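Single-letter residue listing:
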Amino acid sequence: MPCPSSCPPGLLALMAPGLALMAAFSVPSQAGDRRALPVEKPSSVKGRTLILLDVNTKSPVRIISENFLSLQLDPSIIHDGWLDFLSSRRLVTLARGLAPAFLRFAGKRTDFLQFHNVKNPAKSRGGPGPDYYLKNYEDARSLDKLYNFADCSGLHLIFALNALRRNPNNSWNSSNALSLLKYSASKKYNISWELGNEPNNYRTLIGRSVNGSQLGKDYTQLRSLMQLIRTYSRAHLYGPNIGRPRKNVIAFLEGFMKVAGGTVDAVTWQHYYIDGRVAKVTDFLKTRLLDTLSDQIRKIQKVVNTYTPGKKIWLEGVGTTSAGGMNNLSDSYAAGFLWLNTLGLLASQGIDVVVRHSFLDHGHNHLVDQNFNPLPDYWLSLLYKRLIGPKVLAIHVAGLQRKPRPGRVIRDKLRIYAHCTSYHNHNYVRGSITLYIINLHRSRKKIKLAGTLRDKIVHQYLLQPYGKDGLHSKLVQLNGQPLAMVDDGTLPELKPRPLRAGRTLVIPPLTMSFYVVKNVNALACRYR
């Protein structure tokens, strides 16, 4: 199937975002040198707070996948009738802007989909009727459309198979999956695979449970099937895609890792920040909410490193709420604070890939709305892809406050991450460094670049809400210019604002920004 004429050869396939280190201002960065910078407060810089920032340019502290920021499509697009729209020139253009990336096809309907290699099963089989197939059925044509969208967009498809087809002894019935594998192989589709979605939640979903060790056996069975099909004998397999790591979920993961830890190429889990409790925009500014992910990362890493030390870990499915988000909140500018901090935190702690749920259609957590207009988190993701490379750098920070106040810890609300600039961005020579900064304070903050960053030319990319809705806005501006698609086949040019060498960075309140420090000639960033 040809790509839509939208498939413009064009947009830079920007490098998958790399990791970032959160700056701790009361002490130097954990990943870097623990010595505080020996600095004096410059008399020429006025303001309540001055941060002095340097970066270790000798070697990266982490290197993550070039597909670090990846995307998810929920199978609900079949039920909701959105599958045909994947041929839209506009959607392909938007998706290609975030390449290279994985495209994971999975969600709550994963374990109810059945594959049939016929054009119209309801007619040809005299089956239960079109409505049944609309809700529970994926035909070959649907898979063709999905794969064509991924291929035209420069994305690698990961397909989650139905794990709830069970034999009487509760083992996995692989017959339907085998049919899908054979069809995909006959079309020479380059696909990676998973089995099930949030298997720890099956009892709640259908009243029937599958434990971790049984799912491990099922994954081993799937790997054996893949090895029988030449096209997929070396394909990647990911799992188990568990939910939030509470005590019972950790036990599930331990059972899985004992049996199939060596079978999967990466261990995956999901995280949603809130169970529908967010009621106002200020909740997105709470540092406690931003930091809830850290504890989960440590729990997952502990189990994985116990059974398969060094195994890659992915956060596969992340959003504001598992219920699909909240209108005018999780699809607004304010939600970007959670999203950008998630990217920085995961990268700094060595998570190899994060999959955003969802690119399109699912509730209000998506990047693109139902009119195919990019939302604030899309533009944030596009900037990330354009500017951020996979090498994470350690940062060293010293902060000075004229009147420190008990209980006001600046490190909680001003978060700084550093990477090598994307090699795919030909506007910058290798050796350049990109900082990205979240300012949750209601006042501006000033940052003076020191050490290796001193007196370098800096390009600013300041992302702010556009229009009268403020933090609720679904529109954004870059350096004061509104962002919008030029046409269905063209994304806008992301123009920086050059800052003179040695200028203090002034970070406006409640904003997110990127700063490319040019011509640093950082040793860590010269080579891929």
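Note that the coordinates shown come from a computational prediction; the quantities given were computed from them, not determined experimentally.

**Student:** Would you take a moment to explain the overall build of the chain for this structure?
**Tutor:** When you go through the chain residue by residue, the secondary structure sums to 14 helices and 23 strands. Expressed as a percentage of its 528 residues, the buried residues of the chain come to 60%. Sequence separation of at least 24 residues holds for 82% of the intrachain contacts in the chain that already meet a minimum separation of 6. Approximately 21500 Å² of the chain is accessible, and the part contributed by carbon and sulfur atoms is 48%.

**Student:** Quick question: what am I supposed to make of the pairing of strand S13 (residues 388–392) here?
**Tutor:** Every regular strand shows the same layout, with side chains that alternate between the two sheet faces. Taking burial as the measure, the 5 residues of S13 include 5 buried ones, the bulk of the element. Relative to S13, strand S2 (residues 62–63) runs antiparallel, the two sharing 2 bridges. Looking at S13, one finds that Arg 62 is bridged to Val 392. Sheet topology note: the S13/strand S15 (residues 414–421) ladder contains 2 bridges and is antiparallel. Each bridged residue has a counterpart across the sheet, and for Ile 388 the counterpart in S15 is Thr 421.

**Student:** I tried to follow the packing of aromatic side chains on my own but got confused; where do I start?
**Tutor:** Any pair of aromatic rings gets described here by the distance separating the centres and the angle formed by the planes. All chains considered together, the criterion is met by 19 aromatic pairs. When the centroid spacing of 6.2 Å and the interplanar angle of 40 degrees are considered together, the rings of Phe 149 and Phe 359 count as tilted. Note that Phe 149 is positioned in helix H5 (residues 140–153) and Phe 359 in the loop between strand S12 (353–357) and helix H13 (376–387), a separation of 210 residues in sequence. Judged by relative accessible area, Phe 149 falls into the buried class, the value being 1%. Residue classification places Phe 359 among the buried positions, given a relative accessible area of 1%. Taken together through their ring pairs, the aromatic side chains of Phe 68, Tyr 384, Tyr 417, Tyr 436 and Phe 514 make up a single cluster. A cation over a ring is seen here: Arg 356 above Trp 339, with NZ or CZ 4.9 Å from the ring centre. Positioned above the aromatic ring of Tyr 423, the side-chain terminus of Arg 430 is 4.7 Å from the ring centre.

**Student:** Please explain the pattern of salt bridges as it appears in this structure.
**Tutor:** Side-chain pairing between opposite charges can occur once the charged atoms of the two side chains come close. Enumeration over the complete set of coordinates arrives at 13 salt bridges. For Arg 104, the salt bridge goes to Glu 194, with nearest N and O atoms at 2.9 Å. With Arg 104 in strand S4 (residues 101–105) and Glu 194 in strand S8 (residues 191–195), this residue pair connects regions lying 90 residues apart in the sequence. Glu 194 shares its class with Arg 104; the two are buried. Between Arg 104 and Glu 316 there is a salt bridge, and its shortest N-O distance comes to 3.0 Å.

**Student:** Any chance you could explain unusual backbone geometry here in plain terms?
**Tutor:** Excluding glycine, residues mostly carry a negative phi; peptide bonds, for their part, are mostly trans. For the peptide bond that leads from Gly 239 to Pro 240, omega is 10 degrees, which places it in the cis range. Here the amide bond leading from His 357 into Ser 358 is cis, since omega sits at 15 degrees, within 30 degrees of zero. In the Ramachandran plot, Leu 510 falls in the positive-phi region, its phi being about 50 degrees despite a non-glycine side chain. As for its placement among the helices and strands, Leu 510 is situated in the loop between strand S22 (505–507) and strand S23 (511–517).

**Student:** Would you mind going over empty space enclosed by the protein with me for this structure?
**Tutor:** Summary: where empty space remains is shown by rolling a probe the size of a single water molecule over the atoms. Overall, the coordinates contain 4 cavities of 30 Å³ or more when judged by the stated rule. There is about 100 Å³ of room inside the largest cavity. Around the largest cavity sit 14 residues that line it, and Leu 113, Leu 161, Asn 162, Asn 176 and Leu 180 are the ones nearest its centre. For the lining of the largest cavity, the secondary-structure elements that each account for two or more residues are strand S5 (114–116), strand S7 (155–161) and helix H6 (175–186).

**Student:** What am I meant to see in the confidence of the model for the chain here?
**Tutor:** Where the model shows low pLDDT, its predicted coordinates should not be examined in detail. Chain-level statistics for the chain give a pLDDT mean of 86 and a share of 83% at 70 or above. Counting contacts from residues 6–47, a segment whose pLDDT is below 50, to residues more than four positions away or on other chains yields 150 contacts. Here residues 120–135 is a poorly scored stretch, pLDDT under 50, and it has 20 contacts once near neighbours within four places are set aside; other chains count.

**Student:** Would you take a moment to explain the pairing of strand S17 (residues 445–449) for this structure?
**Tutor:** Of all 5 residues in S17, 4 are buried, a share of seventy percent or more. As paired strands, S17 and S22 are joined by 3 bridges and run antiparallel to one another. Bridge pairing in S22 places Lys 445 opposite Ile 507.

**Student:** Can you walk me through the side chain of His 419 in this structure?
**Tutor:** Mapped onto the fold, His 419 is located in strand S15. A polar atom in the side chain of His 419 sits 2.9 Å from the backbone oxygen of Gly 389. In this structure the side chain of His 419 is engaged in a polar contact, spanning 3.3 Å, whose partner is the side chain of Tyr 436.

**Student:** Whenever I open this one, the environment of Lys 311 confuses me. Can you help?
**Tutor:** Examined against the element boundaries, Lys 311 turns out to sit in the loop between helix H11 (292–307) and strand S11 (312–321). Note: C-alpha distance between Lys 311 and Gln 301 (10 residues apart in sequence) is 9.2 Å. Sequence-distant contacts of Lys 311, that is, excluding residues within four places in its chain, are made with Gly 261, Gly 262, Val 264, Asp 265, Ala 266, Val 267 and Val 304. Of the polar contacts made by the side chain of Lys 311, one reaches the backbone oxygen of Val 264; its length is 2.7 Å.

**Student:** Help me understand helix H9 (residues 247–260), please; the structure alone is not making it clear to me.
**Tutor:** A turn of α-helix holds 3.6 residues, and therefore any two residues three or four places apart point the same way. In a regular helix each residue adds 1.5 Å, so 14 residues correspond to 20 Å; H9 covers 20 Å between its end C-alpha atoms and thus fits that length. Against the buried residues of H9 lie helix H8 (212–228), strand S9 (238–242), strand S10 (266–274) and H11.

**Student:** Is there a simple way to explain the packing of H9 against H11 in this structure?
**Tutor:** Between two packed helices, what matters for the description is the angle formed by their axes and the separation of those axes. As a packed pair, H9 and H11 sit with axes 10 Å apart at the nearest point and diverge in direction by 25 degrees. By the criterion of interaxial angle, the relationship of H9 to H11 is roughly parallel. As H9 packs across H11, the resulting crossing turns out to be right-handed. Residues Ile 250, Leu 253, Glu 254, Met 257 and Lys 258 of H9 lie in contact with H11, whose contacting residues are Lys 299, Ile 300, Val 303, Val 304 and Tyr 307. Each residue belonging to the contact of H9 with H11 can be placed in one class, and the counts come to 7 nonpolar, no polar and 3 charged.

**Student:** How should the packing of H5 against H6 be read in this particular structure?
**Tutor:** Between H5 and H6, the least distance of the axes is 11 Å, while the angle of their chain directions is 55 degrees. In terms of axis orientation, H5 runs oblique to H6. Note on packing geometry: the crossing formed by H5 with H6 is right-handed. Where H5 abuts H6, its residues Ala 140, Leu 143 and Asp 144 lie against Leu 180, Tyr 183 and Ser 184. Each residue belonging to the contact of H5 with H6 can be placed in one class, and the counts come to 4 nonpolar, 1 polar and 1 charged.

Rules behind the numbers
- Residues numbered from 1 in each chain as written.
- Predicted model: local features only at pLDDT ≥ 70, side-chain atom pairs only at ≥ 80, totals over all residues.
- Heavy atoms only, no water.
- Helix = DSSP H or I, 4+ residues; strand = E, 2+ residues; numbered from the N terminus.
- Buried < 20%, exposed > 50% of the residue type's maximum accessible area, 1.4 Å probe, protein only.
- Contact = heavy atoms within 4.5 Å.
- Areas by Shrake-Rupley, 256 points an atom, 1.4 Å probe, with all protein chains shown as cover.
- Pairing = 2+ DSSP bridges.
- Phe/Tyr/Trp six-rings, centres within 6.5 Å; stacked < 30°, edge-to-face > 60°.
- Lys NZ or Arg CZ within 6 Å of the ring centre and 35° of its normal.
- Salt bridge = Lys/Arg side-chain N within 4 Å of Asp/Glu carboxyl O.
- 1 Å grid on protein atoms, 1.4 Å probe; cavity = no way out; pocket = protein on both sides within 12 Å on 5 of 7 lines; lining within 4 Å.
- Points joined across faces, edges and corners; volume = space filled by probe spheres on them.
- pLDDT = per-residue confidence, 0-100.
- Polar contact = N/O pair within 3.5 Å; in protein donor to acceptor, adjacent residues only side chain to side chain.
- Expected span 1.5 Å × (residues − 1).
- Axes fitted to C-alpha atoms, helices over the stretch in contact; angles between N-to-C directions.
- Parallel < 35°, antiparallel > 145°, perpendicular 65-115°, else oblique.
- Left-handed = near helix turned anticlockwise from the far one by under 90°.
- Nonpolar A, V, L, I, M, F, W, Y, C, P; charged D, E, K, R; others polar.

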